[in-house]
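Listed below, chain by chain, are the residues.
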Amino acid sequence: MTRQPDGHIDLALVKESYANLYDLEDKSPRQVGVRGKLIKFVATSLNTFLETPVVLEPGEHLTTYSRFCHSCPDPQEFATRLCIPGHGFVLNAEGAPWKILRKDLTTLAQTWSVLSYSNLAPTSHVSDLNMDRARLVYGLVMKMDMDLGSLISDQISQMAQSNSSRLDFPALIIALCVARGVISDSLMFESLNPAINLAYIQKNCWNPDDPSITFPGTCKT
């Protein structure tokens, strides 16, 4: 057995997991066999593994975020919470809200958007926020209860059935495999993305035009 260095992953094991998850018959696979072990990606299993229990309000069968998404929320409310003062959605040719430019996001919204790209709903386009992404980031900013296991399970299943070459959730897949006793025999490891800590936020997410956030020793150019 090869010891996996800290901050690195066995990319071959991630590729194998996605390759085995692909199924012509099952368009929404939620479990996969990896080197003789059964790895489950169902929502309940993921929530248990991640220690993210689903929280429902009394009498409700959907989370706060799910109910919010079904309520046809006002895009202007997104802009008010996610954008620096005086900015909002860019409109499309029909005059409807289209996207929010990254440079117009508050520091908090940029931080949550980066986390969503890394840990919740990966995408190859990580600059501006389209309507779906803005809805997700708004839910995070507003601290809405979510079914994270269901969100991640859907993402993994869709990725396995797509033609994309991306390998989303590599660290999570490795952790699930290790928990089930899958042994890595690779000698080649890939480094993970840097941690989203204060230094990362100050360098990559801080908007100097955001009046609500300042860092010690920083000033506008």
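Residues numbered from 1 in each chain as written. Predicted model: local features only at pLDDT ≥ 70, side-chain atom pairs only at ≥ 80, totals over all residues. Heavy atoms only, no water.

Caption draft 1: The arrangement of helix α5 (residues 107–120) in detail. For α5, built from 14 residues, the straight-helix expectation of 20 Å at 1.5 Å per residue is met to within 8% by its first-to-last C-alpha distance of 19 Å. Within the sequence span of α5, burial applies to Thr107, Ala109, Gln110, Thr111, Ser113, Val114, Ser116, Tyr117 and Leu120. In this fold, the buried residues of α5 make contact with α4 (75–82), β6 (129–130), α6 (131–141), α7 (148–161) and α9 (198–204). (Helix = DSSP H or I, 4+ residues; strand = E, 2+ residues; numbered from the N terminus. Expected span 1.5 Å × (residues − 1). Buried < 20%, exposed > 50% of the residue type's maximum accessible area, 1.4 Å probe, protein only. Contact = heavy atoms within 4.5 Å.)

Caption draft 2: Structural view of the pairing of strand β2 (residues 31–34). Residues of β2 alternate between two faces, with Val32 and Val34 buried on one and Gln31 and Gly33 left unburied on the opposite face. Sheet analysis places β2 next to strand β3 (residues 37–40), joined by 4 bridges and oriented antiparallel. Bridge pairing in β3 links Val32 to Ile39. In textbook terms, the turn of a hairpin is the stretch between consecutive antiparallel strands, and for β2 and β3 this stretch comprises 2 residues, one of which, Arg35, has a positive phi near 50 degrees. (Pairing = 2+ DSSP bridges.)

Caption draft 3: Focus on the state of the cysteines. With the rule as written, the count across this model stands at 0 disulfides. Cys72 carries a free sulfur, and the closest cysteine sulfur to it, the one in Cys69, is 10 Å from it. (Disulfide = S-S within 2.5 Å.)

Caption draft 4: Region of interest: the side chain of Thr106. Checked against the element boundaries, Thr106 lands in the loop between β5 (97–100) and α5. Its relative accessible area of 12% is what places Thr106 among the buried residues. Of note is the side chain of Thr106, whose polar atom sits 3.1 Å from the backbone nitrogen of Ala109. Apart from residues no more than four positions distant in its own chain, Thr106 is found in contact with Arg81, Leu82, Cys83, Ile84 and Asp210. (Polar contact = N/O pair within 3.5 Å; in protein donor to acceptor, adjacent residues only side chain to side chain.)

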